There are 2 protein chains.
Amino acid sequence: MKTAAGPAITLEELQLAARNHGLPLEALRHDVTPLGLHYLLTHFDIPHVDERTWKLEVGGRVDHPVTLTLDQLKERPARTLTVTLECAGNGRALLARRALSQPWLQEAVGTAEWTGTPLAPILNDAGLAEDAVEIVFTGLDRGIQGEVEHLYERSLAVAEALRDEVLLAYAINGQPLPPQHGAPLRLIVPGWYGMTHVKWLQAITAVDEPFRGWQQDVAYHVRESEEEQGRPVTRILPRALMIPPGFPDFLARTRFVEAGPCTLEGRAWSGWAAVERVEVSSDGGQSWADAELRPPVGEFAWSGWSYAWKAEPGEYELSCRATDAAGHAQPSVAEWNYDGVCNNGVQRIRVVVRET
Amino acid sequence: MKTAAGPAITLEELQLAARNHGLPLEALRHDVTPLGLHYLLTHFDIPHVDERTWKLEVGGRVDHPVTLTLDQLKERPARTLTVTLECAGNGRALLARRALSQPWLQEAVGTAEWTGTPLAPILNDAGLAEDAVEIVFTGLDRGIQGEVEHLYERSLAVAEALRDEVLLAYAINGQPLPPQHGAPLRLIVPGWYGMTHVKWLQAITAVDEPFRGWQQDVAYHVRESEEEQGRPVTRILPRALMIPPGFPDFLARTRFVEAGPCTLEGRAWSGWAAVERVEVSSDGGQSWADAELRPPVGEFAWSGWSYAWKAEPGEYELSCRATDAAGHAQPSVAEWNYDGVCNNGVQRIRVVVRET
């Protein structure tokens with residue numbers, strides 16, 4: 001066993017990496033990610049919520065503010081959507097100078113069946129005032145980030161919040177939400193990166209000017225320096241990931257494959273439009289071949305893909321990349337940005353093919 | 001947002017930390033850890049098992065080798081045990097020179113209700129030969145570790161394997177085992193560190209000489225160098241952990257608490273004997289006071305504890321420590337060992353108490 005000479009890993013990043021977790025990539029084989037394998041990022045602490053006394057306040061620039069209990073929400077029309085969620089920080093630790101935050105490689109993704117009630121009818125029943133421009137979603141999770149103490153809060157433009165597919169979800173994969181996924185209620189905004197899907201909701205507030213909370217105004221921007229405002233992170237850029245073939249070395253995670261026919265499989269998704277094409281490379285990205293793409297497992301979820309690879313003895317770097325119908329593609333290496341967000345650079349897997 | 005200048009964290013450790021995950025310590029509040037919050041360590045890949053064709057082979061030095069299907073195992077007498085599991089590597093990353101492996105801080109623990117059928121009657125029905133000295137448990141997970149390709153395998157001395165509480169478990173918290181916890185069948189050996197509880201079982205084999213597989217003979221020893229054989233890791237040493245009070249800073253995880261009465265709460269456990277005493281320190285371990293200890297939540301599970309702290313404005317290092325009835329206690333800082341196992345040094349939490 002090798003040992004590291006000193007505290008090379010920063011304790012701060014390690015504390016986050018030990019709490020949060022990605023999808024072990026072999027779990028890409030499941031159409032719907034089993035509970036406990038879906039990626040999970042918790043900014044502060046998982047709040048302890050008593051569902052019996054919990055209430056959702058819907059207010060602000062509305063004609064009829066309303067307070068809803070969990071039972072009242074469950075009595076409303078229910079809808080189940082299969083949705084692929086990805087953390088905006090996925091790929092952060094692969095950037096050369098990494099932002100000190102959750103150090104994701106490429107595994108911060110998952111697909112779940114979310115059951116809840118659509119948001120739009122609730123806002124319509126409350127009667128949005130004409131001057132309402134955004135809807136603010138407030139969680140119960142409190143902490144300090146960027147030296148600002150705040151509850152986790154994010155907003156959506158009114159038109160985005162009123163989309164049919166935006167849900168207030170109280171169940172995942174047919175089970176009540178577990179604490180870590182936002183019990184008793186969370187927002188689901190299909191197509192958007194994970195920071196949008198506010199967990200542990202306590203309030204939904206219509207506002208007449210753009211929300212300036214820290215998680216909205218400072219965090220989650222593509223920018224080159226702390227001083228720059230940058231471009232807000234919104235929908236998920238396309239990405240393809242491969243189930244690492246063969247079996248691994250424990251520490252290096254190098255893969256070992258026996259020579260012969262080898263079916264490479266994985267998933268691909270985009271929050272902008274349908275994935276149109278997935279390509280595979282076995283020579284470190286010098287040449288690419290089309291994979292066979294299956295239909296998505298749900299309107300807002302990833303597609304499966306496969307590729308018949310003839311594995312001959314040697315060492316390889318396998319990669320895959322996705323292109324969506326809106327013309328978004330994956331770069332070989334993503335451009336650096338200060339917060340380490342939206343890095344959809346291609347996956348690289350080191351594979352040793354052995355003589356059979 | 002701060003940025004790190006270079007790849008300070010080793011990619012190898014990060015790959016493991018992103019796949020595996022600990023118990024977020026606020027989840028210590030649950031008597032039984034909700035699914036998805038229990039710690040998880042997977043050496044190689046999570047195998048993909050078809051439960052309809054899966055079978056368990058019971059053989060080796062037995063009179064009547066037998067093959068059992070999952071249905072046959074479920075038809076046998078069922079028993080549910082509440083068991084606290086901890087990874088032997090818990091605390092590894094807090095050691096000065098850390099072994100390159102899963103870099104746990106102190107969160108690799110969880111308590112679950114495991115349902116299965118006792119192992120002893122299966123071995124008795126098979127008829128252990130007189131020369132059987134150990135029982136070997138073989139998983140379906142294959143990989144390379146220590147430069148040796150192997151299936152994950154561990155053994156127990158016959159007397160240990162025949163203990164009443166050793167289970168072949170097919171359910172957790174009342175649900176079928178999910179893939180990551182060893183579906184369709186895993187071993188549960190209450191009191192022992194996690195490496196013993198072999199997941200994805202495919203074979204149970206009685207042998208007439210001590211098993212020398214890599215995970216048994218090389219890994220999981222307390223030793224000072226690679227050359228030394230060392231002392232095998234067996235039962236869980238006592239540990240107390242505290243739910244970090246107040247709310248956190250996102251990156252540093254420093255805690256902020258309002259001045260006034262503050263109930264400190266947590267869990268304590270030992271695999272050797274009942275926990276007899278939990279103590280709390282608010283001055284970095286200079287002085288200690290007894291916490292109130294509750295009965296364990298199950299015969300093989302952790303106990304809750306609480307302590308009424310008068311939080312006055314200032315900065316504190318909170319700690320807690322457990323002592324068990326067999327006389328094992330927690331050191332302030334654990335002695336270093338080469339593999340970074342069995343580190344039950346006390347937890348330290350930095351807390352800022354603010355004026356109310």
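It should be emphasised that the depicted structure is a prediction, and the values quoted were computed from it without experimental measurement.

1. Let's talk about the overall build of chain A
Okay, so step 1: Within chain A, the regular secondary structure consists of five helices and 22 strands.
Okay, so step 2: A compact globule built from 356 residues should have a C-alpha radius of gyration of about 21 Å, and chain A, at 21 Å, falls within 12% of that.
Okay, so step 3: Projecting the C-alpha coordinates of chain A onto the three principal axes gives extents of approximately 70 × 45 × 35 Å.
Okay, so step 4: Buried positions account for 62% of the 356 residues belonging to chain A.
Okay, so step 5: Of all intrachain contacts in chain A linking residues separated by at least 6 positions in sequence, the fraction that spans at least 24 positions is 72%.
Okay, so step 6: Of the roughly 13,700 Å² of accessible surface on chain A, a fraction of 48% belongs to carbon and sulfur atoms.

2. Considerations on the interface of chain A and chain B
When the parts of a complex come together, some accessible area is lost, and that lost area is often used as the size of the interface.
Okay, so step 1: Each partner contributes to the interface: chain A provides 69 residues, whereas chain B provides 70 residues.
Okay, so step 2: Buried area between chain A and chain B, both sides added, is near 6,600 Å², and the carbon and sulfur share of it is 60%.
Okay, so step 3: Summed over the shared surface of chain A and chain B, the number is eight salt bridges.
Okay, so step 4: Put simply, Arg354(A) and Glu149(B) hold a salt bridge, and the shortest N to O gap is 2.8 Å.
Okay, so step 5: Taken together, the connections running from chain A to chain B amount to 23 residue pairs in polar contact (both at pLDDT 80 or more).
Okay, so step 6: Elements represented by at least two residues in the side of chain A that touches chain B include exactly helix H1 (11–19), strand S5 (134–145), strand S14 (247–248) and strand S15 (255–258) of chain A.
Okay, so step 7: Here the residues of the side of chain A that touches chain B sort into 35 nonpolar, 17 polar and 17 charged.

3. What to know about the pairing of strand S17 (residues 275–281) of chain A
Residue and element names in this part refer to chain A.
Okay, so step 1: Along S17, five of the seven residues are buried, which leaves the element largely enclosed by surrounding structure.
Okay, so step 2: The pairing of S17 with strand S21 (residues 314–324) spans six bridges and is antiparallel. Each bridged residue has a counterpart across the sheet, and for Arg 277 the counterpart in S21 is Thr 323.
Okay, so step 3: Judged from the two bridges that link them, S17 and strand S18 (residues 289–290) form a sheet pairing that is antiparallel. Looking at S18, one finds that Glu 279 is bridged to Asp 290.

4. Quick word on the relation of the copies chain A and chain B
Okay, so step 1: If you rotate chain A by 180° and push it 0.0 Å along the axis, it lands on chain B with an RMSD of 0.0 Å. Here the two chains are linked by the operation of a two-fold rotation axis.
Okay, so step 2: Here 100% of the contact residues of chain A are again contact residues in chain B; the copies associate through an equivalent surface.

5. Overview of the sheet that holds strand S10 (residues 201–207) of chain A
All names here are of chain A.
Okay, so step 1: With respect to topology, five strands assemble into an open sheet ordered S2-S1-S10-S5-S6, the strand pairing being mixed. Strand pairing shows two members of the sheet lacking a second neighbour, strand S2 (66–68) and strand S6 (148–157), which therefore form its edges. Averaged over all pairs of adjacent strands, the angle between their axes in this sheet comes to 25°, without regard to strand direction.
Okay, so step 2: Here strand S1 (residues 56–60) runs beside S2; their pairing, made up of three bridges, is antiparallel.

6. Let's talk about the side chain of Asn343(A)
Okay, so step 1: With respect to the helices, strands and loops of the structure, Asn343(A) is situated in the loop between S21 and strand S22 (349–354).
Okay, so step 2: For Asn343(A), a relative accessible area of 6% puts it in the buried group.

7. Observations concerning the sheet that holds strand S15 (residues 255–258) of chain B
Residues and elements named next belong to chain B.
Okay, so step 1: Spatially, S14-S15-S22-S21-S17-S18 is the arrangement adopted by the six strands of the open sheet, whose pairing is mixed. Taken across any chain shown, the strands that pair with only one partner, and hence form the sheet edges, are strand S14 (247–248) and strand S18 (289–290).
Okay, so step 2: Here four bridges tie S15 to strand S22 (residues 349–354), and the two strands are oriented parallel to one another. Across the sheet, residue Phe 256 finds its bridge partner in S22, namely Val 352.

8. With respect to the domain arrangement of chain A
Residues and elements named next belong to chain A.
Okay, so step 1: Partitioning chain A into domains gives domain 1 (11–232) and domain 2 (239–354).
Okay, so step 2: Here the C-alpha centroids of domain 1 and domain 2 sit 27 Å apart.
Okay, so step 3: The interface of domain 1 with domain 2 comprises 36 residues on the first partner and 27 residues on the second.
Okay, so step 4: Contact between domain 1 and domain 2 buries roughly 3,000 Å² in total, counting both sides, with carbon and sulfur atoms accounting for 56%.
Okay, so step 5: The three residues of domain 1 that bury the most area against domain 2 are Leu 28, Leu 95 and Gln 106, which together make up 22% of that side's buried surface.
Okay, so step 6: Counting the contacts that link domain 1 with domain 2 gives 15 residue pairs in polar contact (both at pLDDT 80 or more).
Okay, so step 7: Breaking the side of domain 1 that touches domain 2 down by element, the ones donating at least two residues are strand S3 (79–86), strand S4 (109–118) and strand S11 (221–222).
Okay, so step 8: At five residues, the largest contribution of residues to the side of domain 1 that touches domain 2 is made by S3.

9. A short note on unusual backbone geometry
Residue and element names in this part refer to chain A.
Okay, so step 1: Cis geometry marks the peptide bond from Ala 183 to Pro 184, where omega comes out at 5°.
Okay, so step 2: With respect to the helices and strands, the residue Pro 184 is situated in the loop between strand S8 (175–176) and strand S9 (186–188).
Okay, so step 3: For Trp 200, which is not glycine, the phi torsion reads 50° and is therefore positive.
Okay, so step 4: Residue position: Trp 200 is located in the loop between S9 and S10.

10. Digging into the pattern of salt bridges
Okay, so step 1: For the structure on display, the rule yields 42 salt bridges over all chains.
Okay, so step 2: We note a salt bridge from Arg19(B) to Glu26(A), for which the minimum N-O separation is 2.9 Å. In this pair, Arg19(B) is assigned in helix H1 (residues 11–19) and Glu26(A) in the loop between H1 and S1, connecting two distinct chains. Residues Arg19(B) and Glu26(A) agree in their burial class; the two are buried.
Okay, so step 3: If you follow the salt bridges from partner to partner, you end up with Arg142(A), Glu149(A), Glu258(B) and Arg354(B) in one network.

What counts, and at which threshold
- Residues numbered from 1 in each chain as written.
- Chains lettered and ligands numbered in written order.
- Predicted model: local features only at pLDDT ≥ 70, side-chain atom pairs only at ≥ 80, totals over all residues.
- Heavy atoms only, no water.
- Helix = DSSP H or I, 4+ residues; strand = E, 2+ residues; numbered from the N terminus.
- Rg over C-alpha atoms; globule rule 2.2 N^0.38 Å.
- Buried < 20%, exposed > 50% of the residue type's maximum accessible area, 1.4 Å probe, protein only.
- Contact = heavy atoms within 4.5 Å.
- Areas by Shrake-Rupley, 256 points an atom, 1.4 Å probe, with all protein chains shown as cover.
- Buried area = accessible area lost by both parts, 1.4 Å probe.
- Salt bridge = Lys/Arg side-chain N within 4 Å of Asp/Glu carboxyl O.
- Polar contact = N/O pair within 3.5 Å; in protein donor to acceptor, adjacent residues only side chain to side chain.
- Nonpolar A, V, L, I, M, F, W, Y, C, P; charged D, E, K, R; others polar.
- Pairing = 2+ DSSP bridges.
- Least-squares fit on C-alpha atoms with pLDDT ≥ 70 in both.
- Axes fitted to C-alpha atoms, helices over the stretch in contact; angles between N-to-C directions.
- Domains from an automatic or database assignment.

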